Amino acid sequence: MDFKQLQSFLADWYETDPKEFQLSKSAVSAIENPVLKEFYFLFGKLAETNNPFSHSKSIYGPLSAQDHFLPYLDLKIDGDITIFLIENQGNFEIGAKGVSLNGFVAGLLDSTEEASFEDSGVPLVELLAANALKETVLSVDDRHRSITIEDKMNWIEILNSESSQQLRYVSRDEFVSYHITKDLIAFGFSNNPDFFALRGMWKKPPPRMQLIERENGGRVETYTSEATKFSKIWTTASIYFKKLFRLSKSNR
């Protein structure tokens, strides 16, 4: 999936003009990498903390649910790397280097203790598109009042009639399947989708409680929490201290 296809899909998904996602060209002029610059020009507002596509009662943003796309003004510089995405617990970071067309990753569990940035071997366009799709799905994960096995089977049946796209969101060997229709989008770590988002769900408030059925017959009740200043500070702080811990290990 390229940026033009991603733009078309997201504009339809959010029922808006794609210009509503854009930052100004002057705002992103300081980004050195041309691919990353284009991404933030086209989709930068979706990464902002306050944007019209987030629900005020949800802790999630369109590009900040499981992992976190950094808002443009919060992009981090590490040597010649511009870091744009941080895993939700700070276990890995993804960045762009100079004018390289590949993405660079640091901190994967099978990487060195120094957590230095290494060429992922994956085109930056693919990493950006894959992560944007993933966050689009997970950003509404708290809107389901219930998810039953029957729901999942119905969704899988619908999506299996469509061709899936195999994209890599971290490394060259880790493919994720993305399934997209006009009213349903999902992704999975196998050929079958595991996480689902329905059209219009981004407009809905999260329920106080979710009921999720497991395939082994169990049920799980989860309580959703509203976005608060504390939750946002806690998320930022946990990522910061995780990074400090990795750096202290590399300096031993």
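Basis of the calculations
- Residues numbered from 1 in each chain as written.
- Predicted model: local features only at pLDDT ≥ 70, side-chain atom pairs only at ≥ 80, totals over all residues.
- Heavy atoms only, no water.
- Salt bridge = Lys/Arg side-chain N within 4 Å of Asp/Glu carboxyl O.
- Helix = DSSP H or I, 4+ residues; strand = E, 2+ residues; numbered from the N terminus.
- Buried < 20%, exposed > 50% of the residue type's maximum accessible area, 1.4 Å probe, protein only.
- Core = buried A, V, L, I, M, F, W, Y, C linked by side-chain atoms within 4.5 Å.
- Contact = heavy atoms within 4.5 Å.
- Polar contact = N/O pair within 3.5 Å; in protein donor to acceptor, adjacent residues only side chain to side chain.
- Pairing = 2+ DSSP bridges.
- Axes fitted to C-alpha atoms, helices over the stretch in contact; angles between N-to-C directions.

J.: Could you give me a rundown of the pattern of salt bridges, with the residues and numbers involved?
T.: Taken as a whole and assessed by the stated rule, the structure comprises 9 salt bridges. In this structure, the salt-bridge partner of Arg199 is Asp12, at a minimum N-O distance of 2.5 Å. Of the two residues, Arg199 sits in the loop between strand 11 (195–198) and strand 12 (209–213) while Asp12 sits in helix 1 (residues 3–13), which places them 187 residues apart along the sequence. The partly exposed category is assigned to Arg199, whose relative accessible area is 24%. Taking the shortest distance from any N to any O, the salt bridge between Glu135 and Lys134 comes out at 2.6 Å. Of the two residues, Glu135 and Lys134, both sit in the buried class. Taken together, the salt bridges that share partners define one network made up of Asp12, Lys182, Asp183 and Arg199.

J.: Which residues make up the nonpolar core, and what values do they have?
T.: In terms of nonpolar packing, the biggest core is built from 62 residues, with Phe39, Tyr40 and Phe84 touching the most fellow members. With 9 residues, the top contributor of residues to this core is helix 3 (residues 124–138). Not counting chain neighbours up to four residues away, the residues in contact with Phe39 comprise Phe3, Leu6, Gly44, Leu63, Phe69, Leu128 and Ala132. With 8 residues, the next largest nonpolar core counts Ile147, Trp155, Ile156 and Leu184 among its residues.

J.: With reference to specific residues and values, describe the environment of Ser164.
T.: With respect to the helices and strands, the residue Ser164 is situated in the loop between helix 4 (149–160) and strand 8 (165–168). Spatially, the C-alpha atoms of Ser164 and Pro193 are 9.6 Å apart, while their sequence positions differ by 29 residues. Reaching out from Ser164, the side chain makes a polar contact with the side chain of Gln166 at a distance of 3.4 Å.

J.: Can you tell me about the sheet that holds strand 8, naming the residues and giving the values?
T.: Taken in spatial order, the 4 strands make up an open sheet running 8-9-10-11, and their pairing is antiparallel. Edge positions in the open sheet fall to strand 8 and strand 11, since each of these has one partner strand only. Here the average twist between neighbouring strands, direction ignored, is 25°. Helix-sheet contacts for helix 1 involve strand 9 (175–180), strand 10 (184–188) and strand 11, and the interaxial angle to strand 10 is about 125°. The sheet contacts of helix 3 involve strand 8, strand 9, strand 10 and strand 11, and relative to strand 8 the element is tilted by about 110°.

J.: Would you mind going over helix 2 (residues 34–43) in detail, with residue names and values included?
T.: The element helix 2 is extensively covered by neighbouring structure, given that 7 of its 10 residues are classed as buried. Every buried residue of helix 2 is accounted for by Val35, Leu36, Phe39, Tyr40, Phe41, Leu42 and Phe43. Contacts from the buried residues of helix 2 go to helix 1, strand 1 (68–69), strand 3 (81–86), strand 4 (93–97) and helix 3. Capping of helix 2 at its N-terminal end is provided by Asn33; its side-chain oxygen lies 3.0 Å from the backbone amide nitrogen of Val35.

J.: Which residues make up the environment of Ile147, and what values do they have?
T.: With respect to the helices, strands and loops of the structure, Ile147 is situated in strand 7 (residues 146–147). Here the alpha-carbon distance between Ile147 and Leu211, two residues 64 residues apart in the chain, equals 6.4 Å. Beyond its immediate chain neighbours, meaning those up to four positions away, Ile147 contacts Lys152, Trp155, Leu211, Ile212 and Glu213.

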